[in-house]
Amino acid sequence: MTCMEDVSSDDEIHEELSRSIDHAFKICGKKMAPKTQDFRIHLVTWNVGTAPPPRDVSSLLLLDTPKSDIDMYIVGLQEVNSKIVTFLSDLAFDDPWSLFLMDILAPLGYIKHSSIRMQGLLLLVFVKHRHIPFIQDIRTNYIRTGLYGYWGNKGGVTVRMSVYGHMMCFVNCHLPAHMENTHQRLDDFERMLEAHQFDGESVGSILDHDAVFWFGDLNFRITDFGIHFIREVIQGNRYSVLWEKDQLNMAKKKEGFLQGFMEGPLKFKPTYKFDLNSDVYDTSGKKRKPAWTDRILWKLKNISEDESGEHPDADYENILKIILEKYTSHMSYGISDHKPVTGTFNVQMKPLIVAAPVAVRAEGEWNADHDALISYSVAKDFPSSTWDWIGLYPVGFRHTKDYVTYAWVKDDEISFSEDCNQKHRATWKVYLHFTSCTAQLFLEAISARPILQFFLGTTSTLYSH
């Protein structure tokens, strides 16, 4: 603290004391760890070779693991059946993989939050109900790289979103095949990083996000070694012998655009190429060499550091840490010549959004004889739109299209008032027309752009999720 003999007036004493206190708080702020939240993501990548879903995916989704407590599932598939008739049917209705996974995950409290499809590439996001108010600014996109960008048999599909205020991007890729096409694979991925753009003001390109997950059938191979040597090494579980000759590992040492991308150790068998419904490597006339074609990588956004090596962001506003818990393949699945690969991540973050900016509640008694009255309030900085609507959902709904009925909030607005009990909120009321009523209901306030989703549950009375 400051010695009072060093200052000559009351004003100077107060000023110096204030500076000293501010400095003390600054020091404490640097040394005290902020309160963080764990958010667990389970990521699946699988080249399914046009096959339908298997009967059981419990081990693939960790459903047979006690207390797995996954907050978000990211499922990236390649070579989903995209024959013309099948593809058109999937566009009009949900594809078989989405239906299959929704049937499994919806009873466990997950909804299909978002998805993107480009021919055989499919990316699905499933989220626990309680997180939905805090997952915002959702955008999807795709980029073709097949036939010089004119065909979507190769390329990438992406979903980006804000998770508790941290921007994350998930990229599911299918890159060119064959040993000799290493440079084409690298060129295609670099092009995706540079050309892939999202609408909106917050984040434009893939690498602008706080965290990027890159995964899929990346098709990198093992060079130099012959097929018999590779198989002998695999048989002896000496996978590390092959790591230095893996094309992706080699590229990460040379290519600047790959710097910062991390991957767990490849302590599992190469996932390609297998005979169908077996764990035997290719016995066909092609005799493809085994390779780790199916991969999951991630990257955190670079944080500038000062000369002392300390982060300039002393108040820890943007804490985000990714811990890989498990990275493995699943040899029991044999519907294609690839084995699925999963990565389980614990994302440690300081939530930048701690309260849902929309609150919805029912007014009066609800029954099927008359329209229901709903009041809702939004935070002052909520990006409202004339396309916002409120929907009524049954408990156990599987995705946002499962609403029973909905109302456009601006068109049906009947009153406006300042809510004194909620800071920076304004309150509106709408009528919601429905023809059937269940004992348990879900309400959703959703922006159709889509930016933000909010859910509330009810038994006899509404409560906030």
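Conventions adopted
Residues numbered from 1 in each chain as written. Predicted model: local features only at pLDDT ≥ 70, side-chain atom pairs only at ≥ 80, totals over all residues. Heavy atoms only, no water. UniProt positions renumbered as here; feature names shortened; annotations may be inferred. Helix = DSSP H or I, 4+ residues; strand = E, 2+ residues; numbered from the N terminus. Contact = heavy atoms within 4.5 Å. Areas by Shrake-Rupley, 256 points an atom, 1.4 Å probe, with all protein chains shown as cover. Buried < 20%, exposed > 50% of the residue type's maximum accessible area, 1.4 Å probe, protein only. Polar contact = N/O pair within 3.5 Å; in protein donor to acceptor, adjacent residues only side chain to side chain. Phe/Tyr/Trp six-rings, centres within 6.5 Å; stacked < 30°, edge-to-face > 60°. Lys NZ or Arg CZ within 6 Å of the ring centre and 35° of its normal. Salt bridge = Lys/Arg side-chain N within 4 Å of Asp/Glu carboxyl O. Pairing = 2+ DSSP bridges. Axes fitted to C-alpha atoms, helices over the stretch in contact; angles between N-to-C directions. Lys, Arg positive; Asp, Glu negative; His and termini not counted. pLDDT = per-residue confidence, 0-100.

- Per an unreviewed UniProt entry, the protein chain is named Inositol polyphosphate 5-phosphatase K isoform X2, and its organism is Pelobates cultripes.
- Under the heading Sequence similarities (unreviewed entry), UniProt records this for the protein chain: "Belongs to the inositol 1,4,5-trisphosphate 5-phosphatase type II family."

1. So, the overall build of the protein chain
Stage number 1. Helix and strand counts for the protein chain stand at seven helices and 20 strands.
Stage number 2. When contacts within the protein chain are restricted to residue pairs at least 6 apart in sequence, those whose partners lie at least 24 apart make up 68%.
Stage number 3. Taken as a whole, the protein chain presents about 22900 Å² of accessible surface, with 52% of it coming from carbon and sulfur.

2. A word on helix α3 (residues 96-105)
Stage number 1. For α3, every residue scored as buried is listed here: Trp 97, Ser 98, Phe 100, Leu 101, Met 102 and Leu 105.
Stage number 2. Contacts from the buried residues of α3 go to β1 (37-47), β2 (72-78), β3 (110-118) and β4 (121-128).
Stage number 3. Measuring from the side-chain oxygen of the N-cap residue of α3 to the backbone nitrogen of Trp 97 gives 3.0 Å; that N-cap residue is Asp 95.

3. Regarding the packing of aromatic side chains
Stage number 1. In the structure shown here, the tally under the stated rule is 16 aromatic pairs.
Stage number 2. On the basis of an interplanar angle of 65 degrees and a centroid distance of 5.5 Å, the ring pair of Trp 46 and Tyr 333 is categorised as edge-to-face. Highlighted residues: Trp 46 in strand β1 and Tyr 333 in the loop between β10 (320-329) and β11 (341-349), separated in sequence by 287 residues. As far as burial versus exposure is concerned, Trp 46 and Tyr 333 are alike and both buried.
Stage number 3. An aromatic cluster is built from Trp 46, Trp 97, Phe 100 and Tyr 333, whose rings are joined through pairwise contacts.
Stage number 4. A cation sits over an aromatic face here: Lys 339 above Phe 274, 4.9 Å from the ring centre.

4. Overview of the pattern of salt bridges
Stage number 1. On inspection of all chains with the given rule, the structure shows 12 salt bridges.
Stage number 2. The partner of Glu 244 in a salt bridge is Lys 253, and the shortest N-O contact between them spans 2.8 Å.
Stage number 3. Look at Lys 253 and you get exposed, because its relative accessible area is 60%.
Stage number 4. For the salt bridge of Glu 263 with Arg 295, the shortest nitrogen-to-oxygen distance reads 2.7 Å. In this pair, Glu 263 is assigned in the loop between α7 (247-252) and β9 (294-300) and Arg 295 in strand β9, connecting sequence segments 32 residues apart.
Stage number 5. Classification of Glu 263 as buried rests on a relative accessible area of 16%.
Stage number 6. Through salt bridges with shared partners, a single ionic network connects Asp 69, Asp 71 and Arg 130.

5. Some details on the sheet that holds β2
Note: strands within a sheet are paired through backbone hydrogen bonds, in either parallel or antiparallel orientation.
Stage number 1. What the six strands build is an open sheet, ordered β3-β4-β2-β1-β11-β10; its pairing is mixed. Pairing within the sheet leaves two strands with one partner each, and these edge strands are β3 and β10. Neighbour to neighbour, the strand axes of the sheet diverge by 15 degrees on average, direction disregarded.
Stage number 2. Bridge analysis of β1 against β2 gives seven bridges, and the strand direction is parallel. Considered in β2, the bridge of Leu 43 is made with Ile 74.
Stage number 3. Strands in contact with α3 are β1, β2, β3 and β4; relative to β4, the strand with the most contacts, it is inclined by about 15 degrees.

6. Notes on the side chain of His 166
Stage number 1. If you trace the backbone, His 166 turns up in strand β7 (residues 166-174).
Stage number 2. Here Lys 350 takes part through its backbone oxygen, which lies 2.8 Å from a polar atom of the side chain of His 166.

7. Concerning the side chain of Asp 217
Stage number 1. Here Asp 217 lies in strand β8 (residues 211-217).
Stage number 2. One buried charged side chain, Asp 217, makes no salt bridge at all; its nearest oppositely charged neighbour is Arg 221, positioned 6.2 Å away.
Stage number 3. Within the local environment of Asp 217, its side chain forms a polar contact with the backbone nitrogen of Asn 219, the two atoms lying 3.3 Å apart.
Stage number 4. The residues touching Asp 217, leaving out its near neighbours within four places in the chain, are Thr 45, Asn 47, Gln 78, Cys 173, His 174, Leu 175, Thr 293, Asp 294 and His 338.

8. A closer look at unusual backbone geometry
Most peptide bonds are trans, and most residues other than glycine sit at a negative phi.
Stage number 1. In the segment running from Tyr 272 into Lys 273, the intervening peptide bond is cis, with an omega of 5 degrees.
Stage number 2. Its place among the elements puts Lys 273 in the loop between α7 and β9.
Stage number 3. Phi is positive for Asp 137, which is not a glycine, with a value near 50 degrees.
Stage number 4. Within the element layout of this structure, Asp 137 appears in strand β5 (residues 135-146).
Stage number 5. With a relative accessible area of 14%, Asp 137 lands in the buried category.
Stage number 6. Here the phi dihedral of Lys 287 falls at roughly 45 degrees; this positive angle occurs in a residue that is not glycine.

9. Some details on the confidence of the model for the protein chain
Stage number 1. When pLDDT is averaged along the protein chain, the result is 79; 72% of the residues meet or exceed 70.
Stage number 2. When the criterion is pLDDT under 50, residues 27-33 qualifies, and its contacts beyond four places in sequence or with other chains add up to seven contacts.
Stage number 3. When the criterion is pLDDT under 50, residues 304-316 qualifies, and its contacts beyond four places in sequence or with other chains add up to 17 contacts.

10. Some remarks on the environment of Pro 357
Stage number 1. With respect to the element layout, Pro 357 can be found in the loop between β11 and β12 (358-363).
Stage number 2. With 25 residues separating them along the chain, Pro 357 and Phe 382 place their C-alpha atoms 6.4 Å apart.

11. Looking at the pairing of strand β15 (residues 405-408)
Stage number 1. On β15, burial follows the alternation: Thr 405 and Ala 407 on one face are buried, whereas Tyr 406 and Trp 408 on the facing-out side are not.
Stage number 2. Relative to β15, strand β14 (residues 388-394) runs antiparallel, the two sharing four bridges. Paired with Gly 391 across the strands is Tyr 406, a residue of β15.

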